[in-house]
Amino acid sequence: MIEEGRPIFVQIAESIEGSIVDGSLAEEERAPSINELAAFHRINPATAAKGINQLVDDGVLYKRRGVGMFVATGARAALLARRTNDFAAAYVDPLLTEARRLGLGPDDVAALIAERTAGTTRKEPS
């Protein structure tokens, strides 16, 4: 699971976020502990702690003293909103920029998406 070239603590945080987004880690459910993460990934506990602390700073996790880390209420919705915004910035904005260059309007882009979703390809005009 650990990828070379990307900080491990970021990958740990993203993995936990992914579990929250896909519903396998529910709100108010106990998150994996620093020691569990360190043992599972065979990493230094300080590295796992850095990933967990990033999620605490972001309001995704919170600590119950003596019990562990838990998923915050509203964490899934906040993560979905952030990921939707990131998706739009990475994919939709460049798509719309190129569509404008080609003279395509919103209806044209929507039709292209519908065609691709249905598995058909657009035919070039003769």
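Read on for an overview of the structure.

Another aspect to go through is unusual backbone geometry. Non-glycine residue Glu 28 carries a positive phi angle of around 70°. Note on placement: Glu 28 falls in the loop between helix H1 (8-21) and helix H2 (34-41). Exposure remark for Glu 28: the relative accessible area of 33% places this residue in the partly exposed category. With a phi angle near 55°, Arg 42 is a residue other than glycine that sits in the positive phi range. Tracing the sequence through the fold places Arg 42 in the loop between H2 and helix H3 (45-57).

Bringing the nonpolar core into the picture now. Among the nonpolar cores identified, the biggest contains 20 residues, and Ile 16, Ile 20, Val 60 and Leu 61 are the most heavily contacted of them. Among the secondary structure elements, those contributing two or more residues to this core are H1, H2, H3, strand S2 (68-71) and helix H4 (75-101). When residues no more than four places from it in sequence are discounted, the contact partners of Val 60 are Ile 20, Leu 55, Phe 70, Val 71, Ala 72, Ala 75 and Leu 79.

What follows covers the pairing of S2. The pairing of strand S1 (residues 61-64) with S2 spans four bridges and is classified as antiparallel. Counted as the bridge partner of Tyr 62 is Phe 70 from S2. Taking the residues that link successive antiparallel strands as the turn, the S1-S2 hairpin has three residues, and the phi of Gly 66 there is positive, at about 80°.

With that out of the way, let us pick up the packing of H1 against H4. In contact at an axis separation of 9 Å, H1 and H4 are set at 110° when each is read in the N-to-C sense. By the angle between their directions, the pair H1 and H4 is classed as roughly perpendicular. Residue-level contacts link Glu 14, Glu 17, Gly 18, Ile 20 and Val 21 of H1 to Ala 75, Arg 76, Leu 79, Leu 80, Arg 82 and Arg 83 of H4. For the contact of H1 with H4, the per-class residue count stands at five nonpolar, one polar and five charged.

The next point concerns the packing of H1 against H3. In contact at an axis separation of 8 Å, H1 and H3 are set at 50° when each is read in the N-to-C sense. It follows that H1 is oblique to H3 by the angle criterion. H1 and H3 meet at a crossing whose hand is right-handed. Where H1 approaches H3, its residues Ile 8, Phe 9, Val 10, Ile 12, Ala 13, Ile 16 and Glu 17 are matched on the opposing element by Thr 47, Ala 48, Lys 50, Gly 51, Ile 52, Gln 54 and Leu 55. For the contact of H1 with H3, the per-class residue count stands at nine nonpolar, three polar and two charged.

Analysis parameters
- Residues numbered from 1 in each chain as written.
- Predicted model: local features only at pLDDT ≥ 70, side-chain atom pairs only at ≥ 80, totals over all residues.
- Heavy atoms only, no water.
- Helix = DSSP H or I, 4+ residues; strand = E, 2+ residues; numbered from the N terminus.
- Buried < 20%, exposed > 50% of the residue type's maximum accessible area, 1.4 Å probe, protein only.
- Core = buried A, V, L, I, M, F, W, Y, C linked by side-chain atoms within 4.5 Å.
- Contact = heavy atoms within 4.5 Å.
- Pairing = 2+ DSSP bridges.
- Axes fitted to C-alpha atoms, helices over the stretch in contact; angles between N-to-C directions.
- Parallel < 35°, antiparallel > 145°, perpendicular 65-115°, else oblique.
- Nonpolar A, V, L, I, M, F, W, Y, C, P; charged D, E, K, R; others polar.
- Left-handed = near helix turned anticlockwise from the far one by under 90°.

Keep in mind that these numbers describe shape and distance, not what the molecule does.
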